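Commentary on secondary and tertiary structure
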Amino acid sequence: MGKIAGIRLPGESRLANDTASMMLQSIGVDRPTCLFNYASSDKENFATLGKRILVLDGFLYNPEDFSEQYRRHTDPELILMSIEKIGLQATLGKINGDFALALIDQYSGSLTLARDRFGIRPLYYSSKGPNMGFSSSIRSLLNLSFVSKEINPTFLKTAAALNYRFLDAHPDRSPFLDVLQVAPGSIVDFKKGSINIYTFVEWPSNEGREGRIVADTDYIDLFKDSVARRLKKSSNPLFTLSGGLDSSAVIAMAHKITGIPQPAISSIHEDKSFDEKLEIMDIVNSGIVEWEAVSIDNPDIFDLLDKVTSHHEYPVPTATWLNHFILAEKAYTLGYRSLFTGLGGDELNAGEYDYFFYFFADLKHQKKDALLRKEIEAWIRNHNHPIFQKSEHLAMSQISKLTSQSAIGNCNPDIELLYKYQQILHPNLTDLADVIPTYHATSNSYLLTHSRNELLKNTMPCCLRASNLNSSAMGISDFHPFLDYRLFELMDGVPSEQKIQNGITKAFARRAYKGLLPEATRTRITKKGWNAPAHQWFANQGQTKLLDLISSRQFIERGIYNQKELQKVVNEHFEIIESGKNIENHMMVIWQIVSLEIWLRKIDSV
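Residues numbered from 1 in each chain as written. Predicted model: local features only at pLDDT ≥ 70, side-chain atom pairs only at ≥ 80, totals over all residues. Heavy atoms only, no water.

**Let's talk about unusual backbone geometry**
Quick note on the threshold: Comment: elements are numbered from the N terminus, with helices defined as DSSP H or I runs of at least four residues and strands as E runs of at least two.
Notably, asparagine 298 is not glycine yet its phi reads approximately 55 degrees, a positive angle. Tracing the backbone shows asparagine 298 in the loop between strand E15 (289-295) and helix H9 (301-309). Its identity is not glycine, yet alanine 350 carries a phi of approximately 60 degrees, on the positive side. Residue position: alanine 350 is located in the loop between helix H11 (345-349) and helix H12 (355-365).

In structure tokens:
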């Protein structure tokens, strides 16, 4: 997986070129290629044309759209030639790919950074006076003398207790005050001492588009093309496989394209509440995969988190990404160098449980009262849970809480989720005004606006980042076929009631997958989600280490938590696990507490 970096210092001396090389060496690149104060892990990531230099991390999946002679040119060359011909913004808008790039224009003295529309490839920068640096890695920027390691207090509060889904509510923020992130789909232009930030792509409203007829075959043909393009760029690919629809569809389509069984890898657990082996076996028994199962049971959670955090630049967000790291490590030992995932399928096809509330809001706004009642009844029937009870009252209250009736299509942040563990924060950190995100309607559909928020500001950014860091630690490239913007443009025009039907998510995609997937997989309603029984890991063999951590002097002196309230939550978690009661435990917030502290200790040692 490629890495890029660059620096601007007064005078553009030899020191700058050496520093750019050092930036990449500090993150494990043995012999960076350097050109005009910029560095890359691979010389083919550079392109020059006149006095313009482009350095690219990523892949271009539609090279034929840039030149009839695309086979004679590298991806950076094709992009740079297009910029010369039609300009930067138009070029970036036509790229189907995963990329982070820097463009150096010696004519104007400008430096421009840009990142793909979904933020699949990371890109950060820091600017202070005449000094400026950028990199694929935060860690390489922290090695620069003008960049401090001071933590952003807003980020700290969010990471401490307020739910990982809010970490990227401000897409240009990083964990550090001196480091900013190039937001997905954005351009950051440095010229003559000024910084200009703008987007190269805007979400089109679906007004006038929703309701147009989208055939199942349109979706399948485009999905097939997306998988095929990524297969061409991959090297010895392996597919992560859970029991869900998305990862199964990706590997099934790869099998359809190649005509041979595809290698797949999964994590399995003894705890049946989290183990998806039975669901996975539907795909395995269909003959389309060659399966490798990795059993993850009762690990030393603290030692494992310490190991994974060494490769991460943010706290590890959830146990899912601990599993993923183990799978990436196993993939490397098996000789694989590309890892395909199903990330993006939920956002594309309305697959998460909370999407129901935004779907209900659409029906309410459209005054489809009979259909609304029918769908709420089906939702209760299909998804009622002993811990998370479903009811008409809950549905209507969630509509009021999560959507704005005065600004059509606008969604509200889940304040209850945000404030759920506010009491465990130190009194100096309980003011959350700077944490609450502001969302804007990007569509007249609540469901569509919410899925876009999830894609760019909530769940997806931390998933992509964790996936990227895990894979790159092993020298593996990630591929996410659902994150093809053409698929999103297609599905944006599909009405909400075709995406969710009869209390079932991903209704449109399920119809389209008929004949591609085993029927048991295609029609399965229940969804475990790719997770791990970390609640047991903390409460059993990890209990002593957890208590030691939160009572340590280093932990207490940080002043992040109200120790009395924190201890109450931890004790209650132990009681719930020991009693076996079927009630919600506190695993998610305990994970955040431990993950953050281990990450902070790594930062202290840098």
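**Things to note about the packing of helix H23 (residues 543-551) against helix H25 (residues 563-579)**
Rule in force here: Only the stretch in contact is used when a helix axis is fitted, and all axes are lines through C-alpha atoms; the angle between N-to-C directions ranges over 0 to 180 degrees. Note that the term roughly parallel is reserved for angles under 35 degrees, roughly antiparallel for angles over 145, roughly perpendicular for angles of 65 to 115, and oblique for everything else. Contacts between residues were defined by any pair of non-hydrogen atoms, one from each residue, lying within 4.5 Å. Residue classes follow a fixed rule: Ala, Val, Leu, Ile, Met, Phe, Trp, Tyr, Cys and Pro count as nonpolar, while Asp, Glu, Lys and Arg count as charged, and any other residue, Gly among them, counts as polar.
Put simply, H23 and H25 touch, their axes get as near as 11 Å, and they point 175 degrees apart. Judged by the inter-axis angle, H23 sits roughly antiparallel to H25. From H23, Gln543, Leu546, Leu547 and Ile550 reach across to H25, where they touch Gln563, Leu566, Gln567, Val570, Phe574 and Glu578. Residues belonging to the contact of H23 with H25 are distributed by class as follows: 6 nonpolar, 3 polar and 1 charged.

**Focus on the pattern of salt bridges**
Spelled out, the test is: We define a salt bridge as a side-chain nitrogen of Lys or Arg found within 4 Å of a carboxyl oxygen belonging to Asp or Glu. Only protein chains enter the calculation, and the probe is 1.4 Å; a residue is then buried if its accessible area is under 20% of its type maximum, exposed if over 50%, and partly exposed in between.
Taken as a whole and judged by the stated rule, the model has 34 salt bridges. We note a salt bridge from lysine 514 to glutamate 519, for which the minimum N-O separation is 3.8 Å. Lysine 514 sits in the exposed class, given a relative accessible area of 55%. The partner of arginine 558 in a salt bridge is aspartate 604, with the nearest N and O atoms 3.0 Å apart. Here aspartate 604 lies in helix H26 (residues 587-605) and arginine 558 lies in the loop between helix H24 (553-557) and H25, a separation of 46 residues in the sequence. Here the salt bridges share partners, and the residues they tie into one network are Glu64, Asp225, Arg229, Arg230, Asp484 and Arg486.

**Structural notes on the pairing of strand E9 (residues 131-135)**
Note the cut-off: Only when DSSP finds a minimum of two bridges between them are two strands counted as paired.
Among the 5 residues that make up E9, 5 are buried, leaving the element largely enclosed by the rest of the structure. Relative to E9, strand E1 (residues 4-8) is paired through 4 bridges, and the arrangement is antiparallel. Its bridge partner lying in E9, glycine 6 is registered against phenylalanine 134. Pairing geometry for strand E8 (residues 124-128) and E9, over 5 bridges, is antiparallel. When the sheet's bridge partners are listed, tyrosine 125 is paired in E9 with phenylalanine 134. Between E8 and E9, which pair antiparallel and follow one another directly, the connecting turn spans 2 residues, one of which, glycine 129, has a positive phi of 60 degrees.

**A closer look at the pairing of strand E11 (residues 186-191)**
Most of E11 sits out of view: 5 of its 6 residues are buried. Note that strand E7 (residues 110-115) and E11 share 4 bridges and pair antiparallel. Paired with threonine 112 across the two strands is aspartate 189, which belongs to E11. Of the strand pairs in this sheet, E11 and strand E12 (residues 194-199) are connected by 6 bridges, and their pairing is antiparallel. For lysine 191, the partnering residue across the bridge sits in E12 and is serine 194.

**Here's the deal with the environment of glutamate 290**
Relative to the assigned elements, glutamate 290 resides in strand E15. We classify glutamate 290 as exposed; its relative accessible area is 53%. Between the alpha carbons of glutamate 290 and isoleucine 265 there is a distance of 8.6 Å; along the sequence they are 25 residues apart.

**Some details on the side chain of glutamate 276**
As a reminder of what qualifies: Two N or O atoms count as a polar contact when they lie within 3.5 Å, although within protein this holds only if one can serve as hydrogen donor and the other as acceptor, and sequence-adjacent residues are included solely when both atoms are side-chain atoms.
Within the fold, glutamate 276 resides in the loop between strand E14 (262-268) and helix H8 (277-284). One polar contact links the side chain of glutamate 276 to the main-chain amide nitrogen of glycine 243, over a distance of 3.5 Å.

**Notes on the sheet that holds strand E2 (residues 33-35)**
Within a sheet, each strand pairs with its neighbour through backbone hydrogen bonds, oriented either parallel or antiparallel. Here 6 strands make up an open sheet; going across it, the order is E2-E3-E1-E9-E8-E10 and the pairing antiparallel. Of all the strands in the sheet, just E2 and strand E10 (180-181) have a single pairing partner and so form its edges.

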